[in-house]
Amino acid sequence: QVFSQHCPFLVGPIECLADVVTPDTDIQVTLSIFELASAAGIPCEVDPALVTALAGNRTGLGGALGTRGGWPCHPGGRVTRLSPGSADGASPEEDYKVSCLLLVFVAVSLPLLAADPASLYNPELDGYNNNLHCLAKAIAQLSAALFTVHNKNIETHLKEFLLVSPALS
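Residues numbered from 1 in each chain as written. Predicted model: local features only at pLDDT ≥ 70, side-chain atom pairs only at ≥ 80, totals over all residues. Heavy atoms only, no water.

Undergrad: Before we move on, can you summarise the overall build of the protein with the specific residues and values?
TA: The number of helices and strands found in the protein is seven helices and four strands. Starting at the N terminus and walking to the C terminus, you meet the elements of the protein as α-α-α-α-β-β-α-β-β-α-α. Within the protein, buried positions represent 29% of all 169 residues. Of all intrachain contacts in the protein linking residues separated by at least 6 positions in sequence, the fraction that spans at least 24 positions is 46%. Of the roughly 10800 Å² of accessible surface on the protein, 62% is carried by carbon and sulfur atoms. (Helix = DSSP H or I, 4+ residues; strand = E, 2+ residues; numbered from the N terminus. Buried < 20%, exposed > 50% of the residue type's maximum accessible area, 1.4 Å probe, protein only. Contact = heavy atoms within 4.5 Å. Areas by Shrake-Rupley, 256 points an atom, 1.4 Å probe, with all protein chains shown as cover.)

Here is the structure:
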């Protein structure tokens, strides 16, 4: 907001660029525009930093403690995938299936979260004690980033998520 007040001549074109992006726009162009918009403080449909982080894990780069090739490990050393990637010989199609299964897992968990005693609205916090009010935004952002990495239609997958969620409760 401060940036737009002090430099409206810079923010205006960035907002126009962000408005022009459609699902048909090339993914690299879209990510570049969203990265520029995010740097200017303009909210985006897809978080470019999250997409970069998820796509970066696909290369197998990393080396932080508790990881093997950038992937989190169980204490026994078995590699687990928490994000898309083709490390250890996994195909991109398998990683896409894992991303879809992650959404199914979240959909299955929603009724359990709703029944949790910590899922009561707290007027003092203006939210829920277990931050359940943040879940919708998290699902939308993570889905957008995951399916952007896989170059799939985000809207279609979110519609499928909505179809699956009520059926499981």
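Next comes the rest of the account.
Undergrad: Report on helix H3 (residues 27-39), specifying residues and quantitative values.
TA: Helical geometry note: an α-helix holds 3.6 residues per turn, so side chains three or four residues apart project in the same direction. Taking 1.5 Å per residue as the helical rise, H3 with its 13 residues ought to reach 18 Å, and the 18 Å between its terminal C-alpha atoms agrees with that figure. Every buried residue of H3 is accounted for by Thr30, Leu31, Ile33, Phe34 and Ala37. Down the axis of H3, the buried side of the element spans an arc of 165°, and every buried residue falls inside it. Residues Gln28, Glu35 and Ala39 are exposed on H3 and point more than 90 degrees away from its buried face. Downstream of H3 by one or two residues, Gly41 has phi in the positive range, about 85°. (Expected span 1.5 Å × (residues − 1). Arc of directions from axis to C-beta.)

Undergrad: Any details on the nonpolar core? Residues and values, ideally.
TA: Generally speaking, soluble globular proteins have nonpolar side chains that are buried together. Counting residues in hydrophobic clusters, the biggest one holds 18 residues, and the most contacted among them are Ile14, Phe34, Ala37, Ile42, Val46, Val51 and Leu54. Those elements that place two or more of their residues in this core are helix H2 (8-20), H3, helix H4 (48-58) and helix H6 (135-149). Of the domains in this structure, domain 1 (2-45) and domain 2 (92-164) are the two that each give at least three residues to this core. If we skip the residues at most four places from it in the chain, Val46 touches Phe34, Val51, Gln141, Ala144, Ala145, Thr148 and Ile154. Of all hydrophobic cores here, the second largest spans seven residues; its members include Tyr96, Leu103, Ala107 and Phe147. (Core = buried A, V, L, I, M, F, W, Y, C linked by side-chain atoms within 4.5 Å. Domains from an automatic or database assignment.)

Undergrad: Just give me the short version of the layout of surface pockets, but keep the residues and values in it.
TA: By volume, the largest pocket is sized at about 520 Å³. What lines the largest pocket is a set of 19 residues, and nearest its centre among them are Thr22, Pro23, Glu45, Lys152 and Ile154. Those elements that provide at least two residues to the lining of the largest pocket are H3, H6 and helix H7 (154-168). Here the lining of the largest pocket takes four residues from H6, the largest share from any one element. Looking at the lining of the largest pocket residue by residue, the class counts come to 10 nonpolar, six polar and three charged. Inspection of the lining of the largest pocket shows a minimum of three residues originating in each of domain 1 (2-45) and domain 2 (92-164). For the second largest pocket, the lining is made up of 13 residues, of which Ile27, Gln28, Leu31, Val51 and Ala55 are closest to its centre. (1 Å grid on protein atoms, 1.4 Å probe; cavity = no way out; pocket = protein on both sides within 12 Å on 5 of 7 lines; lining within 4 Å. Points joined across faces, edges and corners; volume = space filled by probe spheres on them. Nonpolar A, V, L, I, M, F, W, Y, C, P; charged D, E, K, R; others polar.)

The values reported here are purely geometric and, on their own, carry no functional implication.
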